[in-house]
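Topology and contacts: notes
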Amino acid sequence: MQEKTKLLDEQAIARAIKRISHEIIERNKGTDNLMLVGIKTRGMPLAKRIQQNIEQIENVTIDTGELDISLYRDDLSNQDEVDEATVNQTNIQQDIFGKKIILIDDVLYTGRTVRAAMDAIIDLGRPQTIQLAVLIDRGHRELPIRADYVGKNIPTSQGEVIKVRLVESDDMDQVSIYE
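Just so it is clear, the structure is predicted and the values come from calculations on it, not from any experiment. (Residues numbered from 1 in each chain as written. Predicted model: local features only at pLDDT ≥ 70, side-chain atom pairs only at ≥ 80, totals over all residues. Heavy atoms only, no water.)

**Things to note about the packing of aromatic side chains**
Per the stated rule, a full pass over the model turns up zero aromatic pairs. Looking at Arg-138, its charged tip hangs above the ring of Tyr-109, at a distance of 3.9 Å from the centre. (Phe/Tyr/Trp six-rings, centres within 6.5 Å; stacked < 30°, edge-to-face > 60°. Lys NZ or Arg CZ within 6 Å of the ring centre and 35° of its normal.)

Structure below.
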């Protein structure tokens, strides 16, 4: 795989996250009853950044949680793969009943990760709503899922790959496209 082009740098990522933060506040008419839930792995640092932005804008701290979808994936075809799946820990300390959940992930592609995340959330309780925020929407949906908040829409071909790098896990903020 070769890098084709850099799509977003550190400043562009920060602007997209700030815009998403403002849109979340505006759409939900404030921050009452909101909870941010990052999908492992890169959704959690994005959730933390959105939380920090909302805290600066509204002077209130929003609950956050981390969701592991390993056992909810639909690409585990047999029991051996399920048994071998790496089970990370979901870390949601608060009750989600009646909350407005904002699921956060780095890239929206086929929609299967989001479907798995919604299944995992529903297993934890019954939220009032589930909304979706993504840094990148690259198209090619296989399920009828759309993001409520999008940092950047980047149309891609099936042969291209979007790679999101974040300081928290990759020592840099950058979004690139590879072919």
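**Looking at helix α1 (residues 10–27)**
An ideal rise of 1.5 Å per residue puts 26 Å on 18 residues; α1 measures up with 26 Å between its terminal C-alpha atoms. Residue Asp-9 occupies the N-cap position of α1, its side-chain oxygen lying 3.2 Å from the main-chain nitrogen of Gln-11. Phi turns positive one or two residues past the end of α1, at Lys-29, with a value near 55 degrees. (Helix = DSSP H or I, 4+ residues; strand = E, 2+ residues; numbered from the N terminus. Expected span 1.5 Å × (residues − 1). Polar contact = N/O pair within 3.5 Å; in protein donor to acceptor, adjacent residues only side chain to side chain.)

**A short note on the sheet that holds strand β7 (residues 161–165)**
Pairing is antiparallel across the open sheet formed by three strands, whose spatial order is β1-β8-β7. The open sheet terminates on both sides in strands that have one partner only, identified here as β1 (3–8) and β7. Shown here is a sheet whose adjacent strand axes are inclined to one another by a mean of 25 degrees, direction ignored. For β1 and strand β8 (residues 174–178), the ladder comprises four bridges, and the chain directions are antiparallel. Residue Thr-5 lies in a different strand from β8, and its bridge partner there is Ile-177. (Pairing = 2+ DSSP bridges. Axes fitted to C-alpha atoms, helices over the stretch in contact; angles between N-to-C directions.)

**With respect to the pattern of salt bridges**
Throughout the structure, instances matching the rule amount to ten salt bridges. With a shortest N-O distance of 2.7 Å, Arg-49 and Glu-168 are connected by a salt bridge. You can see Arg-49 sitting in helix α2 (residues 43–58) and its partner Glu-168 sitting in helix α5 (residues 167–170), a full 119 residues away along the chain. The class of Arg-49 is buried, set by a relative accessible area of 15%. (Salt bridge = Lys/Arg side-chain N within 4 Å of Asp/Glu carboxyl O. Buried < 20%, exposed > 50% of the residue type's maximum accessible area, 1.4 Å probe, protein only.)

**Observations regarding empty space enclosed by the protein**
All told, the structure shown has one cavity of 30 Å³ or more when counted by the stated rule. Of the voids in this model, the largest cavity is the one considered here, and its volume is about 30 Å³. The wall of the largest cavity is formed by Ile-17, Ile-20, Leu-46, Ile-50, Ile-104, Asp-105, Val-134 and Leu-135. Taken together, the elements giving at least two residues each to the lining of the largest cavity come down to α1, α2, β4 (100–108) and β5 (129–137). Residue composition of the lining of the largest cavity, grouped by class: seven nonpolar, no polar and one charged. (1 Å grid on protein atoms, 1.4 Å probe; cavity = no way out; pocket = protein on both sides within 12 Å on 5 of 7 lines; lining within 4 Å. Points joined across faces, edges and corners; volume = space filled by probe spheres on them. Nonpolar A, V, L, I, M, F, W, Y, C, P; charged D, E, K, R; others polar.)

**A few points about the packing of α1 against α2**
Direction vectors running N to C along α1 and α2 enclose 60 degrees, while the axes themselves pass 9 Å from each other. As judged from the angle between their axes, α1 and α2 are oblique. Crossing handedness for the pair α1 and α2: right-handed. Residues Ile-13, Ile-17, Lys-18, Ile-20, Ser-21, His-22, Ile-24 and Ile-25 of α1 form the contact with α2, whose participating residues are Leu-46, Arg-49, Ile-50, Asn-53, Ile-54, Gln-56, Ile-57 and Glu-58. Across the contact of α1 with α2, the residue classes tally to nine nonpolar, four polar and three charged. (Parallel < 35°, antiparallel > 145°, perpendicular 65-115°, else oblique. Left-handed = near helix turned anticlockwise from the far one by under 90°. Contact = heavy atoms within 4.5 Å.)

**Some points on the UniProt feature "short sequence motif: PRPP-binding" (unreviewed entry) in the protein chain**
Taking the numbering used here, the UniProt-annotated feature "short sequence motif: PRPP-binding" (unreviewed entry) corresponds to residues 101–113. Helix makes up 15% of residues 101–113 and strand 62%. Its end C-alpha atoms lie 16 Å apart. (UniProt positions renumbered as here; feature names shortened; annotations may be inferred.)

**Observations regarding the layout of surface pockets**
Over the atoms a probe the size of a water molecule is rolled, and this reveals where empty space is left. What the largest pocket holds in volume is close to 580 Å³. Lining the largest pocket are 26 residues, and of these Asp-105, Asp-106, Val-107, Tyr-109 and Thr-113 sit closest to its centre. Elements that contribute at least two residues to the lining of the largest pocket include exactly β4, α4 (112–124) and β7. Looking at the lining of the largest pocket residue by residue, the class counts come to eleven nonpolar, four polar and eleven charged.

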